[in-house]
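# Per-entry structural report
Now for the letters of each chain:
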Amino acid sequence: MAKIKHNNFLSTVHEVFTDAKQEGIMHLYAEGEAFTGRTIGVKDRQLFHFGTTGYLGLEQDARLKAAAIDAITKYGTQFPLSKSYISNPLYRQLEERLTAMYQNPIIITKNSTLGHMGAIPNAVNDQDAIILDHQVHWSVQSAAKVLKNRSVPIDMIRHNDLNMLEDKIKSLSDKHKKIWYMADGIYSMYGDFAPIQDLKTLSLKYPQLHLYIDDVHGMSWVGKNGTGYALSELKELSENVLLFGTLSKTFGASGAVLVCSNKKMYQEIKTFGGPLTFSAQLEPASVAAATASADIHLSPEIYELQNDLRERIQYFNALLEQTDLPLIDKNLSPVFFIGTGMPKTGYNFVGRLMKEGFYVNLGIFPAVPVKNTGVRITISRHNQREEIKALVEAMVYHYPKALEDTHTNAQRVLHAFKMDAKKSKENHVSKALVIKLENSILKMDKALWDKLMGKQGVFNWEGLKFLEESFSGNVLIEHNWAFRYLVIYDQQEKPILATFLTVGLWKDDMLSNLSASETIEKQRQSNPYYLTSQVLGMGSLFTEGNHLYIDDKHPLKSQALDTVMQTLETLEQEFKATMVVLRDFPKNENLHPYFQGQGFIRVQMPDSCNIDLVEGEAMETYIAKLSSRNRRHLRKEILEYETRLKIDIVKKCNLNQLKQFQELYANVHQNNRGLNTFSFPEKLFEKMSKHPNWEFITVALINNPETIIGVMLCYNNNGHTYVPAFVGLDYEYVLEYHTYRQLLYQTIKRAIQLKFHQIDLGMTAAFEKRKLGATVEEKFAYIQTSDNYTMELMGILEGPQSQ
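A brief structural summary.

## Topic: the overall build of the chain
When its secondary structure is counted, the chain shows 28 helices and 26 strands. Over its C-alpha atoms the chain spans a radius of gyration of 31 Å, differing by no more than 12% from the 28 Å that the globule rule assigns to 803 residues. Overall size of the chain, expressed as C-alpha extent along the three principal axes, is 90 × 60 × 50 Å. Across the 803 residues of the chain, 60% fall into the buried class. Of the contacts made within the chain by residues no fewer than 6 positions apart, 76% connect residues no fewer than 24 positions apart. Mean positive and mean negative side-chain charge positions of the chain (88 and 91 charges, respectively) differ by 2 Å.

The structure is reproduced here in structure tokens:
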């Protein structure tokens, strides 16, 4: 089968960021000739600044500024040499100050990203393993992934899930010398803490466990000498811990610092740490400013600054407690996150606050799941009590208005963040709409359904009745699906929108890279439901095509779409689904902005292929329209072999044929990890054989007609569309007889013979289908997940892994 084209993660991020940029809340330029830290110039206005990561305000300290200016005067704007050769004269003093702060050996790096890239490949040996917290900073994940080239196994746990961490430690301990757990000390979006004390206890229980803590958001505002949250919890740095801090955020300067008490490891990293060796060193101004800041950290003044900030944080927390604003994680860090749920609500809320005079950050994918968008607020010593209070008052006023503007409500936001929602009897569905939601196609009007949805795929009324019967009452849970049918009418009973949905168990790696699926399938040999999820999907894994009918010209179209979104959320909660998938949309789908604003990200699916047939056209005429190159392909690789093969159309198969069909389909299914799904239940094939709408195109050898080497399973959709839904192949003969190409040709031949208007050739193998005249169209799905864990796990599993 043809290779699946997988979604490009960076393209997805680009789309989300572009959307936010167009809303005027990201990729902005600060304005003004001076900057105090209390306000920031944006779009010709001075806004109170609640987005800084300089929590102590040291970047505006006169002592740091004077030191930086003096360094430039004496040493220039930069010192253009690698530190491996010679450091600028100010480095020695800074290293001494930082060593005094941490009471351990330190390495200064250009920034934390380059620091991770230098430290991790040196610290982690080929005999080790890595476990990532799924919310650990991107820079740590990126540096860790480099080690896949050395076949170091990399795994991931859900955020702060120590039970999951312990299970993975146990599974890795027999084969690996050290097991590195990599996490943030304080997480940058929600401001929540790593459970350092529990991790310390776990490392005592499992001596193989080593901790790699990125504590850049915990620096300066907490801990002895401002050495950060992680060290304040650890008390002392043992040899099984590597600690990263930053000089670029609260420290008020630039650069990062690695702290390592293991002298051997320290020397190895310092001697040759990749980018630590080859990258440019910090500019003299940065080194001097950092030294001035280190002097403050080593003095009693640091505790005065910490207390001053802590009072502001406590004041903000106290004000928030008096509101209904959804604070996602209450703690004593300077980072706060107010959930908005959908991105478009976040855009609206941030825009309102900016107009009111407050600058805040938007927390958006991939830093958080798209559906968990929110406003990220940071408190610094620049913020005065009066503007802190004013910000809370503005949020209390504008938050419900942002919800109203974007047709959502507080309950939906709370559900998105898995927070307790107050039960509300309020009906948010427009009274102008009539909603029909049923659990069986038998409860839907057959004529209406077929008029709206019935000319494609296997989801006309009869096809769905067949699917309901086939995917119920089976032994295996993955073979049982729940069906829901939704039609939305206006008050005159005119249909505005229609769709159907299924709920079932999917493999999380269904659209992942082949290497990821191969790695995961090894785990499924002992645990068949490893990395599987309950998914609420538009359409089903059996059907392809446009699963959404919508009257684009109807004045209530927007209300109908909003009702669909609310219905999806209700069903998601009812079935405890962890993913919602809307499928089979074209690249230029006009609903793209709407879906993105509702918290869906777009991913590319395999291309879809179809053929529109001309009424009364003979097969010879159809072939004549192919390009000369494709006609040569047809003669050489299909027609030349047709006479050596026995081609049959089977309406009802005997037991021997049925068994062969199942085995041939299983061959293709097992060979096609690029689109990794569960197999279908056995009774599906039996029902196909008995159903009047199904038939089988079979290919056998002339000299052995009882042995079928290929089969196409085809569905007749109301005499309009011919659907070769699935194929089965004996791979021993595929290359010799070009079996798959022969089946495609015979499918077209059969559809023309039966006078169909269209052939839905489905997804994958677009190259082969195009050569036989198919039109190929890019298709996309829109996905909404409860968290980013699975997506990020698939990212680290793609590529080489240790056995």
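## Structural notes on the side chain of glutamine 141
By the secondary structure assignment, glutamine 141 is in helix α5 (residues 138-145). Residue classification places glutamine 141 among the buried residues on the basis of a relative accessible area of 8%. Those residues in contact with glutamine 141 that sit more than four places away from it in its chain are Leu132, Asp133, His134, Val136, Met156 and Glu792.

## Some thoughts on the packing of helix α22 (residues 628-642) against helix α26 (residues 739-753)
Angle between the axes and distance between the axes: these two values describe a pair of packed helices. The geometry of α22 relative to α26 is characterised by a closest axis approach of 10 Å and an angle of 85° between their N-to-C directions. When the axes of α22 and α26 are compared, the pair comes out roughly perpendicular. On α26, the residues that touch His633, Leu634, Glu637, Ile638, Leu639, Tyr641 and Glu642 of α22 are Arg741, Gln742, Tyr745, Gln746 and Lys749.

## Details of the pairing of strand β8 (residues 241-246)
Most of β8 is tucked away: 6 of the 6 residues are buried. Residues Val241, Leu243 and Gly245 of β8 are buried on one face, and the alternating residues Leu242, Phe244 and Thr246, pointing to the opposite face, are buried as well. Of the pairings in the sheet, the one linking strand β7 (residues 209-214) to β8 comprises 4 bridges and is parallel in character. Bridge pairing in β8 links leucine 211 to valine 241. Both β8 and strand β9 (residues 256-260) contribute to a ladder of 5 bridges, which runs antiparallel. The partner of glycine 245 across the bridge, within β9, is valine 257.

## Some remarks on helix α11 (residues 284-297)
The end-to-end C-alpha distance of α11 is 20 Å, a good match for the 20 Å that 14 residues give at a rise of 1.5 Å each. Across the 14 residues of α11, 13 count as buried, placing the element largely inside the fold.

## A word on the nonpolar core
Counting 122 residues, the largest nonpolar core has Leu98, Tyr102, Leu165, Tyr181, Phe316, Ile377 and Met395 as the members making the most contacts within it. Each residue touching leucine 165, except ones within four places of it in the same chain, is listed here: Ile131, Ile157, Tyr181, Leu199 and Leu202. One finds Ala498, Trp694, Phe696 and Ile708 within the second-largest nonpolar core, a separate group that totals 39 residues.

## Describing unusual backbone geometry
Across the junction of phenylalanine 365 and proline 366, the peptide omega takes the value 10°, indicating a cis bond. Summarising the element assignment, proline 366 is placed in the loop between β12 (361-363) and β13 (373-378). In this structure, leucine 531 is a non-glycine residue whose phi angle is positive, near 50°. Relative to the helices and strands, leucine 531 resides in the loop between α18 (514-524) and β17 (532-538).

## Some details on the sheet that holds β12
Pairing is antiparallel across the open sheet formed by 3 strands, whose spatial order is β10-β13-β12. Each of the sheet's edge strands pairs with one partner strand only, and the pair in question is β10 (335-341) and β12. This sheet shows a mean twist of 30° between the axes of neighbouring strands, independent of strand direction. Examined bridge by bridge, β10 and β13 share 6 bridges and lie antiparallel to one another. What sits directly across from glycine 339, in β13, is glycine 374. Sitting on the sheet, helix α14 (residues 385-405) is in contact with β10 and β13, with an inclination near 10° to β10.

## Quick notes on the sheet that holds strand β6 (residues 179-184)
Pairing is mixed in the open sheet, where 7 strands are placed in the order β3-β9-β8-β7-β6-β4-β5. Edge positions in the open sheet fall to β3 (106-109) and β5 (154-157), since each of these has one partner strand only. Pairwise comparison of adjacent strand axes, ignoring direction, gives a mean angle of 20° for this sheet. Against the sheet, helix α6 (residues 162-172) makes contact with β4 (129-133), β5, β6 and β7, and its axis sits at roughly 155° relative to β5, the strand it touches most. Packed on one face of the sheet, helix α28 (residues 789-797) meets β4 and β5 and runs near 170° to β5.

## Here's the deal with the environment of methionine 453
The topology assignment puts methionine 453 in helix α16 (residues 446-453). Each C-alpha atom of the pair methionine 453 and tyrosine 549 lies 6.7 Å from the other, and the pair is 96 residues apart in sequence. The contact partners of methionine 453, leaving out residues within four places of it in the chain, are Phe459, Ala498, Thr499, Asn546, His547, Leu548 and Tyr549.

## Considering the pairing of strand β25 (residues 758-763)
For β25, the buried fraction is high: 6 of the 6 residues fall into the buried class. Of the strand pairs in this sheet, strand β20 (residues 601-612) and β25 are connected by 5 bridges, and their pairing is antiparallel. Within β25, the position partnered with cysteine 609 by the bridge is glycine 762. Here strand β24 (residues 721-729) pairs with β25 via 2 bridges, running parallel. Across the sheet, residue threonine 721 finds its bridge partner in β25, namely glutamine 758.

## Quick notes on helix α13 (residues 343-356)
End to end, α13 covers 20 Å across 14 residues, agreeing with the expected 20 Å (1.5 Å per residue, within 8%). With respect to burial, α13 is a largely interior element, 10 of its 14 residues being buried. Residues Pro343, Lys344, Thr345, Gly346, Tyr347, Phe349, Val350, Arg352, Leu353 and Met354 constitute the buried set of α13. Positive phi shows up at glycine 357, right after α13, with a value of about 110°.

## Describing the side chain of histidine 159
Looking at the secondary structure, you find histidine 159 in the loop between β5 and α6. A distance of 3.0 Å separates the side chain of histidine 159 from the side chain of aspartate 133, its partner in a polar contact. At 2.5 Å, the side chain of histidine 159 forms a polar contact with the side chain of aspartate 192. Once you skip the residues sitting within four places of it in the chain, histidine 159 turns out to touch Asp133, His134, Gln135, Tyr187 and Asp192.

Cut-offs and rules
- Residues numbered from 1 in each chain as written.
- Predicted model: local features only at pLDDT ≥ 70, side-chain atom pairs only at ≥ 80, totals over all residues.
- Heavy atoms only, no water.
- Helix = DSSP H or I, 4+ residues; strand = E, 2+ residues; numbered from the N terminus.
- Rg over C-alpha atoms; globule rule 2.2 N^0.38 Å.
- Buried < 20%, exposed > 50% of the residue type's maximum accessible area, 1.4 Å probe, protein only.
- Contact = heavy atoms within 4.5 Å.
- Lys, Arg positive; Asp, Glu negative; His and termini not counted.
- Charge placed at Lys NZ, Arg CZ, Asp CG, Glu CD.
- Axes fitted to C-alpha atoms, helices over the stretch in contact; angles between N-to-C directions.
- Parallel < 35°, antiparallel > 145°, perpendicular 65-115°, else oblique.
- Pairing = 2+ DSSP bridges.
- Expected span 1.5 Å × (residues − 1).
- Core = buried A, V, L, I, M, F, W, Y, C linked by side-chain atoms within 4.5 Å.
- Polar contact = N/O pair within 3.5 Å; in protein donor to acceptor, adjacent residues only side chain to side chain.

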